[in-house]
Amino acid sequence: MINTTQKEAYHRDGYLIMPQLFSQEEIDLLYSVATDQSVVNQAFDLNDQSGKKTKLTLWFTAGDDSFGLMSRSKRLVEGVQTLLGEGEVCHFHSKVMQKEPRVGGSWEWHQDYGYWYKNGFLFPEAMISVMVALTDATIENGCLQVLKGTHKMQRFEHLFAGEQQGADMDFVTEAEKVSELVYCELKAGDVLFFHSNILHRSEANLSEYARWSVISAYNLSYNKPFREKHTSCIEPVQVVDDQALLASGQRVVNQADFLSKDKEITLQDLK
């Protein structure tokens, strides 16, 4: 799926967009599950610096529901394997990002490893995030922005910005001077692979159109965290065929190990 040129681009830039990796029929199915009460009722809010709310639903184990079949699909797991290299691919967690029209908040500049460092992972190179666009993501509705190549700068200190953890802005300001800002606009069905240390953010959604996506985070099994209690991150993924998602029909996310806001380790310093 990912050729040598694309792999080189990922390691050079810190991200890679793969267009239309999921069909419209698959996206319609996933969106129906994302908007089901089984997901929506498990969402929690994080305030950005302006007070707008960013909303997400996060769970750890990839099961037999539609999102579990998506994150365990051959196309995603093989893509992760190609980009991370040797090791057993494990599913750390998946989260549905719910950025509603006019009210969906921003995400401050951060690195995912800025969060995952606090979970006790030692090797950022063994981790990756994979975003599947469930709706079109545009500049107007707050698509993801990255600072190209900043994954090579390693981890910055992360401090509270609202209820979120944001990268130290002195370092971000310097990074902006030498790194190109890229707006990762996506069509529904496109997939964005991005490095655990790349600086990224998103603006609030001030448009009339929702921006929904699901992000699955992966880890290689040798990267064993010393603070994270959920074991999915060190259990190799049970890969399913790409056809499994549609063949199984709509399967809502029931009996998942959802994360609650009061258990989020990066928020503990607020208490």
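Residues numbered from 1 in each chain as written. Predicted model: local features only at pLDDT ≥ 70, side-chain atom pairs only at ≥ 80, totals over all residues. Heavy atoms only, no water.

A few points about the overall build of the protein chain
- In terms of regular secondary structure, the protein chain is built from 8 helices and 13 strands.
- Its C-alpha radius of gyration of 17 Å places the protein chain within 12% of the 18 Å reference for a compact globule of 271 residues.
- Referenced to the eigenvectors of the C-alpha coordinate spread, the extents of the protein chain come out at roughly 50 × 40 × 35 Å.
- Relative to its full complement of 271 residues, the protein chain shows a buried share of 57%.
- At a minimum sequence separation of 6, the contacts of the protein chain that also span at least 24 residues come to 86%.
- Carbon and sulfur atoms make up 49% of the accessible area of the protein chain, which totals about 11,800 Å².
- One way to put it: in the protein chain the 26 positive side-chain charges average out to a point 3 Å from where the 38 negative ones average out. (Helix = DSSP H or I, 4+ residues; strand = E, 2+ residues; numbered from the N terminus. Rg over C-alpha atoms; globule rule 2.2 N^0.38 Å. Buried < 20%, exposed > 50% of the residue type's maximum accessible area, 1.4 Å probe, protein only. Contact = heavy atoms within 4.5 Å. Areas by Shrake-Rupley, 256 points an atom, 1.4 Å probe, with all protein chains shown as cover. Lys, Arg positive; Asp, Glu negative; His and termini not counted. Charge placed at Lys NZ, Arg CZ, Asp CG, Glu CD.)

As for helix H2 (residues 24–34)
- Buried residues of H2: Glu26, Ile27, Leu29, Leu30, Val33 and Ala34, and no others. Viewed end-on, H2 has its buried residues packed into an arc of 160 degrees, placing them on one side of the element. (Arc of directions from axis to C-beta.)

Quick look at the packing of aromatic side chains
- Inspection of the entire model under this criterion finds 9 aromatic pairs.
- For the ring pair Trp59 and Phe67, a centre distance of 5.8 Å and an interplane angle of 50 degrees mean the geometry is tilted. The same class applies to Trp59 as to Phe67, namely buried.
- An angle of 65 degrees between the planes, with centres 5.0 Å apart, marks the rings of Phe92 and Phe121 as edge-to-face. Separated by 29 residues along the polypeptide, Phe92 in strand E4 (residues 89–99) and Phe121 in the loop between helix H6 (112–116) and strand E6 (127–133) bring together distant segments of the chain.
- Look at Phe92 and you get buried, because its relative accessible area is 2%.
- The class of Phe121 is buried, set by a relative accessible area of 2%.
- Here the aromatic residues Phe60, Phe92, Trp116 and Phe121 are joined through ring pairs into a cluster of three or more.
- The side chain of Arg75 reaches across the aromatic face of Phe22, ending 4.1 Å from its centre. (Phe/Tyr/Trp six-rings, centres within 6.5 Å; stacked < 30°, edge-to-face > 60°. Lys NZ or Arg CZ within 6 Å of the ring centre and 35° of its normal.)

Digging into the environment of Ala137
- Inspection of the secondary structure puts Ala137 in the loop between E6 and strand E7 (144–147).
- In this structure the C-alpha to C-alpha distance between Ala137 and Asp190, which are 53 residues apart in sequence, comes to 9.7 Å.
- Once residues within four sequence positions are removed from consideration, Ala137 is found in contact with Cys143, Glu185, Leu186 and Arg211.

Re the sheet that holds E4
- As summarised here, the arrangement of the 7 strands in space is E1-E11-E6-E13-E4-E3-E2, forming an open sheet in which the pairing is antiparallel. Because the sheet does not close on itself, it has two edges, and the strands there are strand E1 (15–18) and strand E2 (44–47). For this sheet, the mean inter-axis angle between neighbouring strands, taken without regard to orientation, is 25 degrees.
- Examined bridge by bridge, strand E3 (residues 53–59) and E4 share 5 bridges and lie antiparallel to one another. (Pairing = 2+ DSSP bridges. Axes fitted to C-alpha atoms, helices over the stretch in contact; angles between N-to-C directions.)

Observations concerning the sheet that holds strand E12 (residues 200–202)
- Spatial ordering of the open sheet is given by E5-E12-E7-E10, a layout of 4 strands whose pairing is antiparallel. Since the sheet does not close on itself, it has two edges, and those belong to strand E5 (107–110) and strand E10 (181–184), each with one partner. Taken over all neighbouring pairs, the strand axes of this sheet differ in orientation by 20 degrees on average, direction set aside.
- Here E7 pairs with E10 via 4 bridges, running antiparallel. Bridge pairing in E10 places Val146 opposite Val182.

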